[in-house]
Amino acid sequence: GQRIAKVANKPEYVWEFAVIDDDEQVNAFALPGGKVAVFTGILKITKTEAGLATVMAHEVAHALQRHGAERYSRGILEQIAQLGALAGAATGGIDPGLAIGAMSAYGMGVALPNSRAQETEADFIGLQLMAKAGYDPREAVPFWERMSGCPRKMIGKFCFRSQSSIPEFLSTHPSDITRIDQIEAWIPRVMRFYRPTSSDSTDSQPQAIPQLP
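### Section: the overall build of the protein
Within the protein, the regular secondary structure consists of 8 helices and 3 strands. Written out in order from the N terminus, the α and β elements of the protein read α-β-β-β-α-α-α-α-α-α-α. A total of 213 residues make up the protein; the buried ones form 41% of that total. The long-range share in the protein, meaning contacts at least 24 apart out of those at least 6 apart in sequence, stands at 66%. Accessible surface, the protein: about 11,300 Å² in total, of which carbon and sulfur atoms supply 58%.

### Observations concerning the pairing of strand β3 (residues 35-39)
Most of β3 sits out of view: 4 of its 5 residues are buried. One ladder, built from 5 bridges, connects strand β1 (residues 16-20) with β3; its direction is parallel. From the neighbouring strand, alanine 18 faces β3, where its bridge partner is alanine 37. As judged from the 4 bridges shared by strand β2 (residues 28-31) and β3, these two strands associate in the antiparallel manner. Each bridged residue has a counterpart across the sheet, and for alanine 28 the counterpart in β3 is valine 38.

### Description of the confidence of the model for the protein
In low-pLDDT regions, the fine details of the predicted coordinates are not to be read closely. On average, residues of the protein carry a pLDDT of 74, and 59% of them reach 70 or more. Taken together, the stretch residues 72-78 has pLDDT below 50 and engages in 7 contacts with residues farther than four places along the chain or on a different chain. Note that residues 198-206 has pLDDT below 50 and, in this model, 18 contacts with residues that lie over four places away or in other chains.

### Notes on the packing of helix α3 (residues 49-64) against helix α6 (residues 140-148)
The geometry of α3 relative to α6 is characterised by a closest axis approach of 9 Å and an angle of 85° between their N-to-C directions. Classified by the interaxial angle, the pair formed by α3 and α6 is roughly perpendicular. Contacts between α3 and α6 involve Gly51, Thr54 and Val55 on the former and, on the latter, Ala140, Phe143, Trp144 and Arg146. Its residues placed into classes, the contact of α3 with α6 shows 4 nonpolar, 2 polar and 1 charged.

Basis of the calculations
Residues numbered from 1 in each chain as written. Predicted model: local features only at pLDDT ≥ 70, side-chain atom pairs only at ≥ 80, totals over all residues. Heavy atoms only, no water. Helix = DSSP H or I, 4+ residues; strand = E, 2+ residues; numbered from the N terminus. Buried < 20%, exposed > 50% of the residue type's maximum accessible area, 1.4 Å probe, protein only. Contact = heavy atoms within 4.5 Å. Areas by Shrake-Rupley, 256 points an atom, 1.4 Å probe, with all protein chains shown as cover. Pairing = 2+ DSSP bridges. pLDDT = per-residue confidence, 0-100. Axes fitted to C-alpha atoms, helices over the stretch in contact; angles between N-to-C directions. Parallel < 35°, antiparallel > 145°, perpendicular 65-115°, else oblique. Nonpolar A, V, L, I, M, F, W, Y, C, P; charged D, E, K, R; others polar.

Pasting the structure below:
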């Protein structure tokens, strides 16, 4: 985590990394200001240090882009809008069916795509961070394949993990196959940052993090 934080070049952040002892939770999260945590349950998927670096870099990218703060702010606005729609329906000013439809449309048309966009951005920036920290970004592909729980050629066809069967437009995350395909397409762009040893990458001058086009 500290290797990745160093190349993130965010000295105003107080980076802290925690491991939460819960083998049932295959997850990790980031909080504003540089707080990152992983659950022990995800270690059976990461397998290697490079696999864990994939997760840590992804979460550090969320922190850098302030995705948590964006989701919080948007969540407050969503709650205000929902309360307004419900109040209008309760007083007869808005047809209840229209109010429910509008809230559902907002979720599918705005909230969910924004969440997917944040995940995609964190994947892209995370690949660069792990490369600069001396971790091979190509290791992100087998990690996400393991996360899918399926052999690559069967993802989304005959093999699903519990949430993978949800249509992508109804999900807050990209589908497994979409994510893996995107990462493979980005790898040639981020390999220029990769140095096989940590000393080559972390002792160099910090470089700006390119954004998604």
